[in-house]
Amino acid sequence: MKTNNVKARRSQLLSTYGIGGLFPSETTSFMISGLHEWHEDACPPISEPRLARSLGVAELKSPPAGGKRDVPVVRFPETQICPACRRVGTTAHLGGDWNASHCRCKEGRVGAALSPFRLITACVRGHIDEFPFFQWLHRGPSASGDQKHEMRMQTLGRTSSLDDLELECTCGVEPRSLDGATSTTAMKGVIRCKGRRPWLGGEYSEDCAETPQVLQRGASNVWFPAVRSTISIPPYSEALAKFVNKHWTVLEDPNLAGEALIRKIAEDSRRYSYEQIMAEIERRRGEEQADDVDEQQLRRQEFAKLIEGREESDESDFVCEKTVTRGQFPDGVPEIFTDLRKVTRLREVRALRGFSRLSGESDPDTLCKLAPEPLYWLPAIEVIGEGIFVALDRKELTAWAATPFAEDRRRKLQDSANRQARQFKRPPITVDISKVALHTLAHVLIDQLSLDAGYPASSLRERLFVDEDMAGILIYTASSDSAGSLGGVASQADPTKFAAAIEEGLTRLSWCSSDPVCIESPASGTDALNMAACHACVLAPETSCELNNTLLDRALLFGTHEPGEEDAGLFSGYLAQA
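Quick summary incoming for the structure in this document. Nothing here was measured: the structure is a model prediction, and the numbers come from that model.

1. A few points about the overall build of the protein
- Scanning the protein from terminus to terminus reveals 15 helices and 22 strands.
- Scaling as 2.2 N^0.38, a compact globule of 578 residues should have a C-alpha radius of gyration of about 25 Å, and the protein matches this with 27 Å.
- Seen along its three principal axes, the alpha-carbon backbone of the protein occupies a region of about 85 × 75 × 40 Å.
- With 578 residues in all, the protein has 52% of them scored as buried.
- Nonlocal contacts in the protein, meaning residues at least 24 apart in sequence, comprise 67% of its contacts between residues at least 6 apart.

2. Regarding the pairing of strand 21 (residues 461–466)
- Summarising burial for strand 21: 5 of the 6 residues are buried, a large majority.
- The sheet contact formed by strand 21 and strand 22 (residues 471–476) spans 6 bridges and is antiparallel. Within the sheet, the bridge partner assigned to Leu464 lies in strand 22 and is Ile473.
- Linkage of strand 21 to strand 22, two consecutive antiparallel strands, is achieved through a turn of 4 residues.

3. A word on the packing of aromatic side chains
- This structure, assessed with the given rule, holds 15 aromatic pairs.
- Relative to Tyr272, the ring of Phe243 lies with its centre 5.4 Å away and its plane at 45 degrees, an arrangement referred to as tilted. With Phe243 in helix 5 (residues 239–246) and Tyr272 in the loop between helix 7 (259–269) and helix 8 (274–289), the pair connects residues that are 29 residues apart, well separated along the chain. Comparing Phe243 with Tyr272 shows no difference in burial state: the two are buried.

4. Side note on the sheet that holds strand 12 (residues 128–130)
- On the basis of which strands lie adjacent, the open sheet formed by 3 strands has the order 12-11-16 and antiparallel pairing. The sheet terminates laterally at strand 12 and strand 16 (213–216), the two strands that pair on one side only. The mean inter-strand angle of the sheet, taken between neighbouring strand axes irrespective of direction, is 40 degrees.

5. Regarding the side chain of Asp393
- By the element assignment, Asp393 lies in the loop between strand 20 (377–392) and helix 10 (394–401).
- Given a relative accessible area of 17%, Asp393 falls into the buried group.
- For Asp393, the residues in contact, after removing those within four places along its chain, are Arg326, Ile336 and Thr338.

What counts, and where the lines are drawn
Residues numbered from 1 in each chain as written. Predicted model: local features only at pLDDT ≥ 70, side-chain atom pairs only at ≥ 80, totals over all residues. Heavy atoms only, no water. Helix = DSSP H or I, 4+ residues; strand = E, 2+ residues; numbered from the N terminus. Rg over C-alpha atoms; globule rule 2.2 N^0.38 Å. Buried < 20%, exposed > 50% of the residue type's maximum accessible area, 1.4 Å probe, protein only. Contact = heavy atoms within 4.5 Å. Pairing = 2+ DSSP bridges. Phe/Tyr/Trp six-rings, centres within 6.5 Å; stacked < 30°, edge-to-face > 60°. Axes fitted to C-alpha atoms, helices over the stretch in contact; angles between N-to-C directions.

What follows is the structure in structure tokens.
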């Protein structure tokens, strides 16, 4: 993306600065406009029918790149401050023009460059607006009298906190600092949410009864992307499927795609016969007539293909070698592990389906829209990588999850989830203690593989496969840069190397430098959805975790120091033998 000299990578437009998110530049701040404003013709298509179908769209497209102003933006916030005269107002008020970048405080001449105001407001429904500096200073929605109101913000020079910033007005009202503005109840009785959605356009405001919350402009909870991803698996990862997908707009309709046209396409391809293309067309048509798939079905399909494996092929984006099957692990590997796979090539596609503010909500019914009306496509990116896959015995995991120790930990986490749901007025998540244990184990593997494979932990990602019938972990390096694309993680799927890695990882993280505080923690992390987990043990980089570093509990793997719980962890017996 380019706005003058402002640039961003394609992956950032899904993960950091997506639609509705704020994009900082050197002197101002922009908001990425809605999908209806994007230059669609400049967006290359991405072939991944499974993911598109699960999201209810016909096509996925990559964000445009390489051209000037190829992703439109709007200025936000509009409230600016001049560092020279300290006046606060809009660009039109301070600079004399809606698109001004400098203040005209020097007797009409161009003065200092304007800076965006530090605070904004947002509500749980995703609306976003300016900070009501006038109402904050005058303690109400309006001011009495006909005085002229020239607002300024002074810095007292003591600290860089908000209580060091003081608003004042020429009307003579008592100055007031910004201290306390970011509390959750600061705007109660001051303003109500106006329902603004600047990324869609000024005309797309809606009624809203929520009380907005004041946020720092660069705070992480201003924008939470809702991203759905999938791993390309056969037959979708094969060259034939990708070739047919390029012509799918024509081949989809039987009335348009006659035998003559298909034979012509086969002849032009010089690789595939009419029969091969026709078989793929019939398979694809039949699939699209079936019921819609959700994310859990996508993962079941991927889990089955990872267990099945796929031999080396130059024409496939998915190569998964069978390293170890059930009962073949060497000594030193816990018996709960059943399968190990060396994934030497994989392709991941990630699509942005919406976003939220404040809470990180991912419910499709409450996500903010990317466009005023549903479109036939969504923005996505594709990345190539490699990894290691390990499966666990689901029956043994289920039996352990039914123990009093595991059930007690599940109940405590569920109580935290229920409190969070009441606070944000939404249905609570259901805590699956088997998934929490598997998730924590995935972070142990990420930490250990980053040491053994030599990659930074931030270039590794987890993908969990957990339901009543499956239990598996994929640790992979699907990164848009060069880190993690040289086969280092896949090489750790060697049985001997894996045995050493799992032993060292479990042994090392069975103790934390923050113990006993960490292991005895009743609640920690975002919304208290973690228990025994901290930055000194199993918390991973945000780019590595698909659950935003929540639902983690190291005690599930190793037990606690409480009487009767020392050997209650999933791997307590293994560590005792080791």
